[in-house]
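Examination of the molecular architecture
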Number of protein chains: 2
Amino acid sequence: MTIPASEIQTRIENLQKSLARSNIDAVFIIQKIDLYYFSGTLQQGILFVPQEGEPFLFIRRDFERAKKESPLKNIIEIKGLTNIISIINQVDVKLEKIGLELDILPVSYFNRICQIFPTKKFIDFSYNIRLIRTIKSQWEIEKIKMAGKLITETFEEIKNFIKEGLSELDIAYETEYIARKKGHTGIIRTRAFNQEMFYGHYLSGENSLILSYVDSPTAGEGQGSFFSQGAGNKKLKKGEPLSIDFVFSYDGYCVDMTRIFFLGKPPEDYSTVYSVAQQIHEVSRELKNEQIECSQLYKIAEKIVIKNNLSEIFMGPRGRSVGYIGHGIGLELDELPILTKTSKEIISDGVVFALEPKFFIPNLGVAGIETTYLMTKKGLLSLTTFPESIQIIN
Amino acid sequence: MTIPASEIQTRIENLQKSLARSNIDAVFIIQKIDLYYFSGTLQQGILFVPQEGEPFLFIRRDFERAKKESPLKNIIEIKGLTNIISIINQVDVKLEKIGLELDILPVSYFNRICQIFPTKKFIDFSYNIRLIRTIKSQWEIEKIKMAGKLITETFEEIKNFIKEGLSELDIAYETEYIARKKGHTGIIRTRAFNQEMFYGHYLSGENSLILSYVDSPTAGEGQGSFFSQGAGNKKLKKGEPLSIDFVFSYDGYCVDMTRIFFLGKPPEDYSTVYSVAQQIHEVSRELKNEQIECSQLYKIAEKIVIKNNLSEIFMGPRGRSVGYIGHGIGLELDELPILTKTSKEIISDGVVFALEPKFFIPNLGVAGIETTYLMTKKGLLSLTTFPESIQIIN
């Protein structure tokens, strides 16, 4: 599986347009997922893209493989960073301001670049790069749709073996195994410094209210302080919800879905709160806008939450909530846009994101739904179509 | 599972001694695994350790959990980086030079720190931090030994289902499932920028000769250009080796082991080359030194390789080899020391590392052995005791 040349061409064009709009002369793409996105390969190297003209892909390891994977014309083997100087200096375009991915580029790497190009001015271009990646092409959408199909199949199978007495980790092992056999890539990429994800979170009862270092509304107990998120040893119990928040990656493209499996009949209070999460999804899907601002979607959800008097348990326990209700997703789990009260990004045709209204009910557990959506000209299309209703396990 | 207070105390003392030796006044520990190592928690925050006196742990998310996980006395909740200024400024010690983990700290994060402390001088302290982590305590060794026991059990089980016609990915799915049920943490942490690992590499025949972006001698085909390392769709065939290079993580502590499963009887040439890898391990184990310099171990291996006329296929295909024969391992897969021809680090009592002499035999596949060792006062102790001989699958 390689990325079609036409895809790469469009992406490079979008990048060059973004450079022009920002009045930046060129960009060095170094982070592996950005590199893969714009060049077709995640082999170690640097992609140099000037505002106009052909990009150059410099590869340290492995050059032969990069040539097979990337449709770009100029692929050059380098031994180290200094090898790129002569070629960059020959490029016949203005090169004063150069963009970099300063959100994740390590200081030591940056310092080496500055030493090599002491006269250049380096500017953080990561937001623009991430913004380009929010709009998925048809080729990408097909992959994400397949991930959506496979996550639904996985959940259909999970449902059959969830039962009282199994631990969260028991559920995790079985789910991972099922997902892998369906073609799950395995690895889940996150961009943000110090963040990480391993498949998802399987959280039973009150353990679903436990927070951690991870920038998601729920975290769970995890296996210990060495990996304090996700499934732990807690056993599933009658009268408790099991929240499964799972990321399925197909050909590297992810969808994110949370569904609630309830062991026995949920208390009425739980169902009532849960229905508010359902309502948020329904109202969002009813918007037939071609595009919508993130903050607007946030406010629509917030209004429903306030009306139902649930603000205090929305998106986290009281005083410890996260400030967003959803996030972009694609090659990375934590893509743009982030749906906060103030985020100005536009969800337009081709944007894929997970909407995850969740409530933290004291002494009982989380009640919420996460669905991955594609924005289309006709509004939101659900890509993770496993039923949104509470799944009762008897 | 939390880290005992006595462990944390010793680690902090080692860090403070290292600061004193380097004439650095304090260090900010930010990277999650360093933070976990020195504080006992990987909750989001900053650990401030002055050369003398009590450390301060500043936590943004999740504070309640950090207090449960970390035995440190001064744990302070912060909303953002600026919250730490007043506390740091009250600390009654000289604070001119401050160490940071510049090998992985993102530029944007670093810039915020510089804005907050405009008069401080920041110095890369990552090498020293990583060096401290190379010496494992008895508490850590117990965890690593358990990982070694479980990887051996896992390989005993794998052996039973390897057969012609299965794909590398089939083997991967089963192995992951077995390992997880034995308590494998799942996630494998790597420190280096742009590197990543998912369990390991299952490589059949010629596919074991395929290189990629990963800084390990072998990489394999992988699932596609989106994850170009590890198992792919190639089917196992009679007359071919299957190299399984697997990382087992127990309570976050890893061991790394490669064994060869050969489908049918290996050709004599293959066995001969393989025996050279065995010889490198045997000679290394016979050294009863209390400590040894990395470069010395490298040169011992090199001498054996040259004597057997195998330099051209050692540690990579001709002209594309890696420059090391082993690496430290612990909470991260890519710890110090790195065993190169010139590395001056000393492998002394308590250092854990993987030694992985591997040969790339054209048209056939890789022949090699990786074993994780603990250096003791009596020399190397193997922690991954699954038999080193070629495992014949009939």
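Moving on to the overall build of chain A. The helix and strand tally for chain A stands at 10 helices and 19 strands. For chain A, whose C-alpha radius of gyration is 22 Å, the value lies close to the compact-globule estimate of 21 Å for 394 residues. The buried share of chain A, taken over its 394 residues, is 65%. Pairs at least 24 residues apart make up 67% of the contacts formed inside chain A by residues separated by at least 6 positions. Here chain A contributes 47 positive and 49 negative side-chain charges, whose respective centroids are spaced 1 Å apart.

The subject of this paragraph is the sheet that holds strand E8 (residues 241-250) of chain B. All names here are of chain B. Strand order in the open sheet made by the four strands is E7-E8-E9-E19, with mixed pairing throughout. Lying at the two open borders of the sheet, with one neighbouring strand each, are strand E7 (200-204) and strand E19 (391-393). Shown here is a sheet whose adjacent strand axes are inclined to one another by a mean of 25°, direction ignored. As judged from the 10 bridges shared by E8 and strand E9 (residues 253-263), these two strands associate in the antiparallel manner. The residue of E9 that forms the bridge with serine 249 is cysteine 254.

This brings us to the environment of A:Lys159. Residues and elements named next belong to chain A. Structurally, lysine 159 is set in helix H7 (residues 138-161). A relative accessible area of 31% means that lysine 159 is categorised as partly exposed. The sequence separation of lysine 159 and isoleucine 393 amounts to 234 residues, and the corresponding C-alpha distance is 7.8 Å. Apart from residues no more than four positions distant in its own chain, lysine 159 is found in contact with Phe261, Gln391, Ile392 and Ile393.

The transform that puts chain A on chain B rotates by 180° and translates by 0.0 Å along the axis, for an RMSD of 0.0 Å. Within this description, the copies of the chain are treated as partners about a two-fold rotation axis. Ranked by how close their C-alpha atoms come to the rotation axis, the residues of chain A are headed by A:Pro106, at 2.1 Å. Same-surface contact between copies: 100% of interface residues of chain A are shared with the interface of chain B.

Below, the discussion takes up the environment of B:Ile392. Residues and elements named next belong to chain B. Looking at the element boundaries, isoleucine 392 is found in strand E19. Here isoleucine 392 falls in the partly exposed class, since its relative accessible area comes to 35%. Placed 233 residues apart in sequence, isoleucine 392 and lysine 159 show a C-alpha to C-alpha distance of 9.2 Å. Non-local contacts of isoleucine 392, meaning those with residues more than four positions away in its chain, are made with Lys159, Phe262, Gly264 and Pro266.

A few words now on the packing of helix H1 (residues 5-22) of chain B against helix H2 (residues 32-39) of chain B. All names here are of chain B. Direction vectors running N to C along H1 and H2 enclose 115°, while the axes themselves pass 7 Å from each other. One element, H1, and the other, H2, form an angle in the roughly perpendicular class. The residues of H2 that touch H1, namely those facing Ile8, Arg11, Ile12 and Leu15, are Tyr36, Tyr37, Phe38 and Ser39. For the contact of H1 with H2, the per-class residue count stands at six nonpolar, one polar and one charged.

Okay, the domain arrangement of chain A next. All names here are of chain A. Looking at the assigned domains, one finds that chain A contains domain 1 (5-133) and domain 2 (135-393). Here domain 1 and domain 2 have C-alpha centroids that lie 34 Å from each other. Each partner contributes residues to the interface: domain 1 has 18 residues there, and domain 2 has 14 residues. Together domain 1 and domain 2 conceal approximately 1500 Å² of surface at their shared face, both sides included; 46% is due to carbon and sulfur atoms. There are five salt bridges connecting domain 1 and domain 2. One salt bridge in this structure joins aspartate 34 and arginine 191, with 3.0 Å as the shortest N-O distance. One can count 11 residue pairs in polar contact (both at pLDDT 80 or more) joining domain 1 with domain 2. Broken down by secondary-structure element, the contributors of at least two residues to the side of domain 1 that touches domain 2 are helix H1 (5-22), helix H2 (32-39) and helix H6 (126-134).

Let's shift gears to unusual backbone geometry. All names here are of chain A. Between leucine 336 and proline 337 the backbone carries a cis peptide bond, its omega angle lying at -5°. Take proline 337: it is sitting in strand E12 (residues 335-340). Its identity is not glycine, yet asparagine 363 carries a phi of approximately 65°, on the positive side. Within the element layout of this structure, asparagine 363 appears in the loop between strand E15 (358-361) and strand E16 (365-368). Asparagine 363 gets classed as exposed once you look at its relative accessible area, which sits at 64%.

Residues and elements named next belong to chain B. Here strand E1 (residues 26-29) shows two buried faces, one formed by Ala26 and Phe28 and the other by Val27 and Ile29. Note that E1 and strand E5 (residues 97-100) share two bridges and pair parallel. Paired with valine 27 across the two strands is glycine 99, which belongs to E5. With four bridges joining them, E1 and strand E2 (residues 44-50) adopt antiparallel strand pairing. Within E2, the residue paired with alanine 26 across the bridge is proline 50.

On to the state of the cysteines. Following the criterion strictly, the structure yields zero disulfides over all chains and no others. In this structure A:Cys114 is a free cysteine whose sulfur lies 13 Å from that of B:Cys114, the closest cysteine sulfur available.

To continue, consider the interface of chain A and chain B. Between chain A and chain B, the residue contacts involve 68 residues of the former and 68 residues of the latter. Here chain A is connected to chain B by 10 salt bridges. Our enumeration of links across chain A and chain B arrives at 45 residue pairs in polar contact (both at pLDDT 80 or more). Looking at the side of chain A that touches chain B, the elements that each hand over two or more residues are H2, strand E3 (56-61), helix H3 (63-69), helix H5 (107-116) and helix H8 (168-181) of chain A. Sort the elements by how many residues they give to the side of chain A that touches chain B and H8(A) lands first, with eight residues. Looking at the side of chain A that touches chain B, its residues break down into 29 nonpolar, 21 polar and 18 charged.

Here the focus is the nonpolar core. In terms of nonpolar packing, the biggest core is built from 146 residues, with A:Ile162, A:Ile244, B:Ile162 and B:Ile244 touching the most fellow members. Leaving out residues up to four positions away in the same chain, A:Ile244 has contacts with A:Phe155, A:Ile158, A:Ile162, A:Ile171, A:His201, A:Tyr202, A:Met257, A:Thr258, A:Arg259 and A:Phe261. Formed by 41 residues, the second largest nonpolar core is a distinct cluster that contains B:Tyr270, B:Val273, B:Ile304 and B:Leu310.

What follows is about the side chain of A:Gln44. Relative to the elements of secondary structure, A:Gln44 occurs in strand E2 (residues 44-50). Judged by relative accessible area, A:Gln44 falls into the buried class, the value being 16%. Setting aside its immediate chain neighbours within four residues, A:Gln44 contacts A:Phe58, A:Ile59, A:Arg60, A:Arg61, B:Gln195, B:Tyr213 and B:Asp215.

About the thresholds
- Residues numbered from 1 in each chain as written.
- Chains lettered and ligands numbered in written order.
- Predicted model: local features only at pLDDT ≥ 70, side-chain atom pairs only at ≥ 80, totals over all residues.
- Heavy atoms only, no water.
- Helix = DSSP H or I, 4+ residues; strand = E, 2+ residues; numbered from the N terminus.
- Rg over C-alpha atoms; globule rule 2.2 N^0.38 Å.
- Buried < 20%, exposed > 50% of the residue type's maximum accessible area, 1.4 Å probe, protein only.
- Contact = heavy atoms within 4.5 Å.
- Lys, Arg positive; Asp, Glu negative; His and termini not counted.
- Charge placed at Lys NZ, Arg CZ, Asp CG, Glu CD.
- Pairing = 2+ DSSP bridges.
- Axes fitted to C-alpha atoms, helices over the stretch in contact; angles between N-to-C directions.
- Least-squares fit on C-alpha atoms with pLDDT ≥ 70 in both.
- Parallel < 35°, antiparallel > 145°, perpendicular 65-115°, else oblique.
- Nonpolar A, V, L, I, M, F, W, Y, C, P; charged D, E, K, R; others polar.
- Domains from an automatic or database assignment.
- Buried area = accessible area lost by both parts, 1.4 Å probe.
- Salt bridge = Lys/Arg side-chain N within 4 Å of Asp/Glu carboxyl O.
- Polar contact = N/O pair within 3.5 Å; in protein donor to acceptor, adjacent residues only side chain to side chain.
- Disulfide = S-S within 2.5 Å.
- Core = buried A, V, L, I, M, F, W, Y, C linked by side-chain atoms within 4.5 Å.

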